[in-house]
Amino acid sequence: MQRNMAPGSRAVVAGVLALLCLCRATSSSEASSLTLFDSELSRPGCGSLSDWDEYAADCESSVLQLEPDCEEGGDPSCESTFALNAEKILNQAKLFIEQKKIPFPVDNQNINEELAIGYVLIGNGLYDEAVKHFSLLLQGDPELVSAIYGRGIAYGKKSLQDIKNADLALYELNRVITLEPNWPEVYEQRAEILSPLGRISEALADLSRAVQLQPSARLYRHRGTLLFISEDYVAAMEDFQQSLELKKNQPIAMLYKGLTFFHRGLLKEAIETFREALKLKSDFIDAYKSLGQAYRELGDFESAMESFQKALLLDQNHIQSLQLRGMMLYHHGSLQEAIGNFKRCLQLEPYNEVCQYMKGLSHVAMGQFYEGIKAQTKVMLNAPLLGQKASSEYLKVKYLREYSRYLHSHLDVPVAEYNVDQDLPGNFKNHWAKNLPFLIEDYEEQPGLQPHIKDVLPQNFDSYSSEVQKLICTADHLGALMQYDTPGFLPNARIHRAIGKTRQMQWRDMFDIAVKWRRIADPDQPVLWLDQMPARSLSRGFNNHINLIRGQIINIRYLAYFDSILDFIKDRILVYHGAYNPRGLLEVRQALENVNKVEDLLPIMKQVNSKTRDGFTVNSKVPSMKDPGKEYDGFTITITGDRVGNMLFSVETQTTEERTQQYQSEVESIYKDLTAKGKALMLSTELGDADAVCNLILSLVYYFCNLMPLSRGSSVVAYAVVMGAVMASGKEVMGRIPKGKLVDFEAMTTPSPDGFSKMAKSWMNLKSLPSWYQSLPSVAEAFPSTRTMIEVLNTDSSSHCPKKS
């Protein structure tokens with residue numbers, strides 16, 4: 001098609017496809033970066049940074065933590081648990097009494113001294129001795145509350161080593177609450193036993209009772225932490241705020257407050273709060289790390305790098321910062337720098353599966369297969385124990401290793417002569433695309449690395465001819481025009497450059513060029529044609545599922561579309577009630593007028609429709625150009641839940657065999673028309689003809705995006721085809737995708753191909769293709785094999801290509 005549309009222009013015949021990975025890594029290794037954020041919350045009540053002098057006292061349990069006089073590395077005799085002699089114990093006990101630290105004191109001074117001794121033993125980590133001591137006291141008085149309480153605390157401390165002691169601790173604390181129901185410290189102690197057992201709701205109830213009896217900064221922070229773990233981020237934020245109002249100088253509480261914003265997708269609020277934490281403590285490493293990750297989620301690479309750098313200046317061995325920075329560098333396309341971070345991470349923590357997996361992935365993406373597969377094999381050795389949950393890296397690594405072996409064996413095979421979708425076994429592709437455990441019957445492994453096939457070597461930009469250099473720079477420029485200016489999308493210089501060549505082809509061939517480059521640019525994600533999957537799995541359907549709101553977690557990528565989707569849902573509800581409940585239509589219309597947020601729809605729907613119990617669905621329709629009046633299934637919007645703040649708002653497309661055939665028939669019809677109009681365009685100078693061709697190109701992509709025919713990356717592949725096909729028609733895309741716009745969601749939420757075409761052209765800013773494009777060499781001839789494709793993606797052109805705005 002392109003040869004006929006633009007005669008005499010080799011560049012246009014080439015149809016350069018600049019390809020950008022529009023999706024921030026959805027790989028589990030990327031997702032695991034968020035779990036790093038929550039490591040500070042591993043201890044209910046306190047953070048892990050207990051070495052802060054100004055904060056340590058407030059981060060202790062409600063029982064005084066006494067420090068032994070011995071220093072680490074001192075006299076060996078001092079390190080014995082019997083190092084505390086009677087005199088020291090008595091001196092500390094007297095101090096305990098003077099400071100009025102004894103819980104539930106009695107009138108008898110001698111008994112108080114004995115109680116104090118028991119608490120001193122706890123404070124010095126001598127839990128068995130404390131249990132024996134309190135037990136002796138209870139022989140004399142079985143209802144001595146302070147002794148029951150002390151024994152409960154000692155059992156609770158012992159439960160950290162042996163979970164059996166947790167039941168003993170709870171039994172003792174329950175007795176105390178029966179005898180003395182109005183002491184907040186007892187409820188807090190019980191919560192500290194319950195929460196590690198997973199009994200979070202009971203722990204929260206105890207902390208709420210403690211807050212009711214005597215609010216404190218520590219109690220609010222402790223409860224906020226458990227609310228955070230429960231993903232009730234709004235309530236957690238309120239508790240951290242209450243804690244900060246009672247005690248301002250709490251960097252950790254401020255950090256936690258920022259994390260509640262982060263997990264709700266409120267990135268700007270999170271960034272502001274992390275900065276507030278840094279004002280309270282300027283050398284707060286975890287605040288810099290969290291700030292870096294928030295900027296990364298916002299797509300601000302430079303600010304994220306600066307924050308990670310500050311964290312690592314404070315501690316060059318901070319593993320989480322190294323891991324997060326390395327992952328960000330990978331998804332920015334800076335693979336060599338990413339490898340440096342992962343190597344450092346593994347020097348410090350050799351069994352870090354995320355760093356090991358990402359190191360292997362980075363090496364493979366650069367064509368360094370021997371190092372890559374060696375790292376992958378180390379991840380495979382970390383098989384989970386029986387009953388233990390496998391890490392996401394372990395689940396993915398065998399797929400990556402098999403695909404790496406396949407790529408290596410085809411390094412020097414012309415790209416046009418092999419086909420991933422046909423070569424890889426159907427069950428392998430099916431399991432890989434669905435991220436299932438690698439349990440594939442009768443699977444025959446790919447051949448191991450063959451010594452005669454060498455790894456990809458670094459290629460210097462200067463080693464390319466001037467014509468190819470110009471082609472590379474052009475690809476970088478075109479790819480940058482495809483960058484989404486939306487939170488959650490990092491610019492990736494490597495994938496900006498990923499380009500392809502068109503030829504006389506069918507519509508699938510045109511899209512498949514972009515698919516091949518997308519695969520090479522990032523081997524982590526399976527970019528596969530769904531209709532090439534085994535017939536059995538396709539008949540069941542592949543679900544492309546996107547959570548927009550889950551509980552209190554908002555998917556910030558799609559935030560700009562919430563209003564338009566809400567309007568669409570309202571319209572469909574009114575159409576439904578107009579057809580099935582015309583008498584109640586006015587009531588429904590009035591109720592919907594008061595709904596300004598998707599979250600408020602569920603309670604309204606429950607009021608106006610008795611059938612709405614746990615939720616409801618709304619389906620979109622896509623009109624046919626080929627058969628006017630006919631409609632295809634679009635996507636399904638689902639809203640479920642029992643209340644605001646505990647709901648799921650999602651969109652889903654189901655790629656079934658029947659649906660695929662319908663859309664492909666539509667695409668083939670448009671492609672046939674496009675080919676004919678393309679031939680006519682070369683004989684015409686009418687502007688209307690060029691506009692008609694552009695409309696057909698965008699209509700083709702409209703149906704492609706609504707079909708979602710790939711396991712990953714349908715959006716980026718679609719826009720790459722738009723740019724290549726428009727260039728083939730003699731036009732150049734000058735405009736960038738507007739802030740907040742996503743190509744696939746624009747197609748999915750626009751009711752017609754004409755509307756999508758009009759909207760897309762408004763930002764594309766099409767101009768006549770400059771004549772110098774004619775001198776660009778053929779992409780297929782310049783980069784004929786996988787090896788040459790990887791070489792050019794690895795090449796640094798930053799100091800060679802002219803900067804364009």
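Residues numbered from 1 in each chain as written. Predicted model: local features only at pLDDT ≥ 70, side-chain atom pairs only at ≥ 80, totals over all residues. Heavy atoms only, no water.

Check the secondary structure of the chain and you find 38 helices and 7 strands. Evaluated residue by residue, the chain yields a buried proportion of 55% over its 805 residues. A fraction of 69% describes how many contacts in the chain between residues 6 or more apart in sequence connect residues 24 or more apart. Summing over all exposed atoms, the chain offers an accessible surface of approximately 35,300 Å²; the carbon and sulfur share of this is 49%. (Helix = DSSP H or I, 4+ residues; strand = E, 2+ residues; numbered from the N terminus. Buried < 20%, exposed > 50% of the residue type's maximum accessible area, 1.4 Å probe, protein only. Contact = heavy atoms within 4.5 Å. Areas by Shrake-Rupley, 256 points an atom, 1.4 Å probe, with all protein chains shown as cover.)

According to UniProt, the feature "repeat: TPR" (unreviewed entry) maps to residues 217-250, 251-284, 285-318 and 319-352 in the numbering used here. Secondary structure across residues 217-250 comprises 79% helix and 0% strand; the distance between its end C-alpha atoms is 9 Å. Helix makes up 82% of residues 285-318 and strand 0%, and the two end C-alpha atoms of the span are 8 Å apart. (UniProt positions renumbered as here; feature names shortened; annotations may be inferred.)

Once that is clear, we can look at helix 8 (residues 145-158). Taking 1.5 Å per residue as the helical rise, helix 8 with its 14 residues ought to reach 20 Å, and the 20 Å between its terminal C-alpha atoms agrees with that figure. Of all the 14 residues making up helix 8, 14 are buried; the element is thus mostly covered by neighbouring parts of the structure. (Expected span 1.5 Å × (residues − 1).)

The next thing to look at is the packing of helix 13 (residues 233-246) against helix 14 (residues 251-263). Two elements in contact, helix 13 and helix 14, have axes separated by 9 Å at closest approach and are oriented at 160 degrees. Considering the angle they form, helix 13 stands roughly antiparallel to helix 14. Judged by the sense of rotation from one axis to the other, the crossing of helix 13 with helix 14 is left-handed. In this structure, helix 13 contributes Tyr233, Ala236, Met237, Phe240, Gln241, Ser243 and Leu244 to the contact, and helix 14 contributes Ala253, Met254, Tyr256, Lys257, Thr260, Phe261 and His263. Its residues placed into classes, the contact of helix 13 with helix 14 shows 9 nonpolar, 4 polar and 1 charged. (Axes fitted to C-alpha atoms, helices over the stretch in contact; angles between N-to-C directions. Parallel < 35°, antiparallel > 145°, perpendicular 65-115°, else oblique. Left-handed = near helix turned anticlockwise from the far one by under 90°. Nonpolar A, V, L, I, M, F, W, Y, C, P; charged D, E, K, R; others polar.)

Per the stated rule, a full pass over the model turns up 27 salt bridges. With a closest N to O distance of 3.1 Å, Lys279 and Glu276 form a salt bridge. Of this pair, Lys279 and Glu276 are both found in helix 15 (residues 267-280), 3 residues apart, which corresponds to roughly one turn of the helix. Classification of Lys279 as exposed rests on a relative accessible area of 65%. (Salt bridge = Lys/Arg side-chain N within 4 Å of Asp/Glu carboxyl O.)

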